[in-house]
Amino acid sequence: MGRRILFVTTDQQRYDALGCNGGRVARTPVIDGLAAQGLRYERAHPQNVVCMPSRATILTGQHVRRHGVWMNGVPLPADAPTVAGVLHEAGYRTGLFGKAHFEPFLDPFLRFPENRMGVTRATAEDGRPHRGFEHMEFAGHGAAGLVHYGGWLREHHPEHMAGFYPVLDMTLEVSAEGGGDTGAPQVRHNPVPRDVYHTDWVADRAIAWLDGIGGDEDWFCWLSFPDPHHPWNPPASELHRVPWRDLDLPDGYPVDAAEREAILDAKGAHWRRWYDGDLVSNYEAPARWVPSTLTPDQVREVNAMAHIQNELVDDALGRVLATVEGRGWGDDLDVVFTTDHGEFQGDFGLLFKGPYHVDALMRLPLVWRPAPSSAVPADVVTTPVGLLDLAPTFCRIAGIEVPGWMDGLPLPLSDDVGGVHGRRGVLTEWDSVHPNGTEVHLQSVFLDDLLYTRYEAGTCHDGTEGELYDLAEDPLQRVNLWSDPERRSIRDDLGTALEDALPERSQPVLMAESPV
């Protein structure tokens, strides 16, 4: 009997969503308690700031260039090695509940196993583990989609399906329809009862699976909540939790329009062009929404809705942990909590995500509460780490040798061992070719409180531009130092560090099979 692993992810959650990270809105006592008992990482970065590439990195422990899922809509190859597969072969029971998104969502002909499983309500792929998981039950962002939750909702609560915000419009574009009190995009007051909403459903399904596991068995459970990713439509019964009119505007939102636009103009051209509605480079942001129309009250309402979703996730996690404690597993349970990427939530006058390498999208919450039986002391770790380090960490917890095909390293237990962690800085990439033909390519390295991003040639860039921020002096990343002659040598050194750390791109380049 070894250590069990509860791996908890949200989708599109900011670092400051949690109280333990200085968040001032959502109450997250369960996650805050885990952080107080364990390890809280101050600088955890994704290797890509959009769902599918980031989730492929989590599952494989590989850089984007190695696993090949370079943008949404590119399926992870069926034969890709996974940490779930390693754990399953070592005797662990393995389950995933909630959002997977290792394969495209838009799949009308059911070409991909995850979508076939969702439609048929199967919990395995033709009776065998899928990507190392022996049991999977999927949920997405609402009532639609080829997922188990949608089928359950149609069967048991069809009257509540229309209450969710429709993610796509009639042209299969991400909807720009406004709602709520302020007309904010992707916001709706949802009449669905809380216990029917997908956050509680994900926890319920994980609890049911855990209830069927023998007391002496080892297990790896990925609890993958779809929130607080848009649409922002939590149950209307929960709106009292965070009244939007009571919120201050976030620190990252420049209230004065002239100041906001000057900040954007100092960045790459793709920033201002998106803000003005002149460029669409990411399918998941509504193509017909113009960020410059975003009002302060809309920023407040979106933030309130996201934080309500954050609180519901914290509550649901508490129920799962209570189940684990009730089974007598608590002393040997490792809990790891993180997300796949961040969200603007008003920073720079923007919402959603895209090819923008700043803390809003790149600085992630990461908490690891090691099993109490391991006697690892609590700490706050400032050594930069990446999501590619999760899979090796799970292997280390399970007492399994880290496979050579993983690029990541086990998470450091303190800054004292950060120096021998084996890596200086952490990498993040973005590559996208939008259905409209727009191409954007970025690579970043975060090192010594400096954030360096270079642009490759594409629709907006000629390959000579980039961004450079000194986060010790400019934590909100408002002053782009790329063209500062006094920082040229630092910029050159960071460019060399990035080039040295980037792996070769896998060949052949995988094809996008869907927009998302």
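Above this text you will find the structure in question.
Please read these numbers as outputs of a predicted model, since none were measured by experiment.

A. How the structure looks around the overall build of the protein. Across its full length, the protein holds 13 helices and 16 strands. Counting only C-alpha atoms, the protein reaches 65 × 55 × 45 Å along its principal axes. Counting every position in the protein, which comprises 516 residues, the buried fraction comes to 62%. Averaging the coordinates of the 43 positive side-chain charges in the protein and doing the same for the 77 negative ones gives two points 2 Å apart.

B. A look at the sheet that holds strand β10 (residues 367-369). With mixed pairing, 8 strands are arranged side by side in an open sheet as β5-β4-β8-β1-β9-β10-β2-β11. Edge positions in the open sheet fall to β5 (135-138) and β11 (379-381), since each of these has one partner strand only. Across the sheet, the mean angle from the axis of one strand to that of its neighbour is 10°, orientation sign disregarded. The pairing of strand β1 (residues 4-11) with strand β9 (residues 333-339) spans 7 bridges and is parallel. Each residue of the ladder has a partner; that of Ile 5, found in β9, is Asp 334. Each of β1, β8 (219-228) and β9 is contacted by helix α10 (residues 296-326), which is oriented at about 160° to β8, the strand it contacts most.

C. Up close: the packing of aromatic side chains. The full count for this structure, using the stated rule, is 25 aromatic pairs. Three or more aromatic residues joined by ring pairs form one cluster here, namely Trp 232, Trp 271, Trp 274, Trp 289, Phe 344, Phe 348, Phe 352 and Tyr 356. The cationic tip of Lys 267 hangs over the ring face of Trp 271; the distance from NZ or CZ to the ring centre is 4.8 Å. Lying over the aromatic face of Tyr 15, Arg 363 brings its terminal NZ or CZ to 3.8 Å of the ring centre.

D. Quick peek at helix α2 (residues 51-60). Most of α2 is tucked away, with 10 of its 10 residues classed as buried. Within the span of α2, buried status applies to Cys 51, Met 52, Pro 53, Ser 54, Arg 55, Ala 56, Thr 57, Ile 58, Leu 59 and Thr 60. Just past α2, the residue Gly 61 takes up positive phi, approximately 70°.

E. View of the packing of helix α1 (residues 29-37) against α10. In contact at an axis separation of 7 Å, α1 and α10 are set at 60° when each is read in the N-to-C sense. Judged by residue contacts, Pro 29, Val 30, Ile 31 and Leu 34 of α1 engage Asp 314, Leu 317, Gly 318 and Leu 321 from α10. Residue composition of the contact of α1 with α10, grouped by class: 6 nonpolar, 1 polar and 1 charged.

What counts and how
Residues numbered from 1 in each chain as written. Predicted model: local features only at pLDDT ≥ 70, side-chain atom pairs only at ≥ 80, totals over all residues. Heavy atoms only, no water. Helix = DSSP H or I, 4+ residues; strand = E, 2+ residues; numbered from the N terminus. Buried < 20%, exposed > 50% of the residue type's maximum accessible area, 1.4 Å probe, protein only. Lys, Arg positive; Asp, Glu negative; His and termini not counted. Charge placed at Lys NZ, Arg CZ, Asp CG, Glu CD. Pairing = 2+ DSSP bridges. Axes fitted to C-alpha atoms, helices over the stretch in contact; angles between N-to-C directions. Contact = heavy atoms within 4.5 Å. Phe/Tyr/Trp six-rings, centres within 6.5 Å; stacked < 30°, edge-to-face > 60°. Lys NZ or Arg CZ within 6 Å of the ring centre and 35° of its normal. Nonpolar A, V, L, I, M, F, W, Y, C, P; charged D, E, K, R; others polar.

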